[in-house]
Amino acid sequence: MRKLELHWQILLGMLAGVLFALAMVQLDWGPKFISDWIKPFGNIFINSLKLIAVPLILASLIKGVSDLKDISKLSQMGGRTIAIYVCTTVIAVTIGLGVVNIIKPGASISEETRLELVENYKGDADAIKTKADKQKEAGPLQALEDLVPSNIFKAASDNGNMLQVIFFAIFFGIGLILIPEEQAAPVKKFFDGFNEVILKLIDLIMLAAPFGVFALLAALIVESPSLDLFKALAWYALCVVLGLALMLGVYLIMVWVFTKTSPNTFMKGMSPAQLLAFSTSSSAATLPVTMERVEEHLGVDEEVTSFVLPIGATINMDGTSLYQAVAAVFIAQAFGMDLSLTAQLGIIVTATLASIGSAAVPGAGMVMLVIVLAQAGIPEAGLALIFAVDRPLDMCRTVVNVSGDATVSMMVAKSVDKLNTPKVKNWDDNYKK
Ligand code: ASP
């Protein structure tokens, strides 16, 4: 009998996790049982994914850059990647602004609900503001300064320093291109093999994915706040989800128009990564799987994925920027503010920059939202309004973040003639022919 495909297994795992948690919360000891005995397995699963992120970036990017063989190819690909990333982000923010201005979810919030929400989540919102204040204090060139690590081992020891590791790997790869072939060969060979090992590890970890997402979703359900508040925010959440769905549609069209890949192939190839993005709320944790799927199931050459995807995971967050635009306007509407066209254009700029600056971890988009709010003159206390629904929306926007990276990598691959027919490995997805 043919085994269920991986995305179905993951979907079943998610569903089982939700149902199991809903049943367990009926029991007095249920929530504690899930926190003590189920949640740790979810954490182990996420940790194992994060564990290979830094070695993966190092190995694949060094290999990818050195395979390019000349620096002009690197700058050509780099230029295209950044340009397309910025374009998709601006499209995302514009879609977000369009949806929230048409539906006007904030206008329907009553004074009473608003006060209740602000009261309930005041503490959380303050904590987020303190984090964001630290980022705001930084000078204009801080981001550039942070890009260059003073110690590679220190940088590689913290998953939050992804961009520094990327910088080192590209720099190392350039060095490798510039030295004589016979000296470069053994180093390249080492990283080739290293890379293969890491890819194999990803496959092994993915075998546990259905169980991992079961544990993650079960833990999420027992920890989520009351449903009543969710209802008050349903319109806002709907706007974000609608915007995200439209953005996903834009990707499918882009992939189809530019690479002639059908939406079905794209979605089928990407679905395990998308489901994982949904369950983990982290594009960084999903990165290893995104790379594997794009390479083996969508046919993008490793030279391109190894360069475009790690950079995308850290700087290209279309889902996050779209959400920031909707959230900012929603909060303004809830406080009865009318945002001028200039203020909304300002949101396009700040949400684009803020999403670039957001870390690829759960909740990061909300921290950077503070900067968007501050720039547009919207009260930051409004963060408390949207807190209750942030986690589910974070899950959804992370799916779009990851899909956006995959889309751009396909477009870049096509433009440099590196899009091939996908070669799925025999043992991949636990599926034997
Ligand atoms: N969780 C998102 C990601 O990792 C970032 C965010 O929007 O909070 O892609």
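Quick note: structure is the one above.
Residues numbered from 1 in each chain as written. Predicted model: local features only at pLDDT ≥ 70, side-chain atom pairs only at ≥ 80, totals over all residues. Heavy atoms only, no water.

**Q** Let's hear about the nonpolar core: which residues, and what values?
**A** Counting residues in hydrophobic clusters, the biggest one holds 130 residues, and the most contacted among them are Tyr236, Ile347 and Ile386. Excluding residues within four positions of it along the chain, isoleucine 386 makes contact with Leu233, Tyr236, Tyr323, Ala327, Phe330, Ile331, Met366 and Leu369. The next biggest cluster of nonpolar side chains, apart from the first, holds seven residues, and it includes Met24, Ile34, Ala215 and Ala218. (Core = buried A, V, L, I, M, F, W, Y, C linked by side-chain atoms within 4.5 Å. Buried < 20%, exposed > 50% of the residue type's maximum accessible area, 1.4 Å probe, protein only. Contact = heavy atoms within 4.5 Å.)

**Q** Describe in detail the site of the ligand, supporting the description with residues and values.
**A** The ligand sits among 16 residues. The nearest are Ser283, Thr320, Gly365, Asp394 and Arg397. At 3.1 Å from an oxygen atom of the ligand is found a main-chain nitrogen or oxygen belonging to alanine 364. Side-chain polar atom of asparagine 401 to an oxygen atom of the ligand: 2.8 Å apart, as the coordinates give it. Computed on the free molecule, the ligand has an accessible area of 270 Å², of which 100% lies beneath the protein chains in the complex. (Near = heavy atom within 4 Å. Polar contact = N/O pair within 3.5 Å; in protein donor to acceptor, adjacent residues only side chain to side chain. Areas by Shrake-Rupley, 256 points an atom, 1.4 Å probe, with all protein chains shown as cover.)

**Q** An account of the packing of aromatic side chains is needed here, citing residue identities and associated values.
**A** What the rule picks out here adds up to nine aromatic pairs. Geometrically, the ring pair formed by phenylalanine 168 and phenylalanine 172 is tilted, given 5.8 Å between the ring centres and 45° between the ring planes. Placement of the pair is phenylalanine 168 and phenylalanine 172 together in helix α9 (residues 162-178), with a separation of four residues, close to one helical turn. Three or more aromatic residues link up through ring pairs in this structure, and these residues are Phe168, Phe172, Phe190, Phe191 and Phe194. Against the face of tyrosine 323 rests arginine 397, its NZ or CZ located 3.8 Å from the ring centre. (Phe/Tyr/Trp six-rings, centres within 6.5 Å; stacked < 30°, edge-to-face > 60°. Helix = DSSP H or I, 4+ residues; strand = E, 2+ residues; numbered from the N terminus. Lys NZ or Arg CZ within 6 Å of the ring centre and 35° of its normal.)

**Q** Give me helix α1 (residues 6-24): which residues, what numbers.
**A** For α1, with 19 residues, the first-to-last C-alpha span of 27 Å sits near the 27 Å given by 1.5 Å per residue. When we look at burial in α1, the residues that qualify are Leu6, His7, Gln9, Ile10, Gly13, Met14, Gly17, Ala21 and Met24. Buried residues in α1, looked at end-on, bunch into an arc of 165°, giving them a common side. Turned more than 90 degrees away from the buried face of α1, the exposed residues are Leu15 and Leu19. On its buried face, α1 sits against α2 (30-51), α10 (181-207), α11 (209-223), α14 (263-280) and α15 (283-298). (Expected span 1.5 Å × (residues − 1). Arc of directions from axis to C-beta.)

**Q** Explain the environment of glycine 363 to me, using residue names and the numbers behind them.
**A** By the element assignment, glycine 363 lies in the loop between α18 (341-357) and α19 (364-376). Judged by its relative accessible area of 21%, glycine 363 is partly exposed. Along the sequence, glycine 363 and serine 282 sit 81 residues apart, while their C-alpha atoms lie 8.7 Å from each other. Excluding its chain neighbours within four sequence positions, the residues that come into contact with glycine 363 are Asp390, Asp394 and Arg397.

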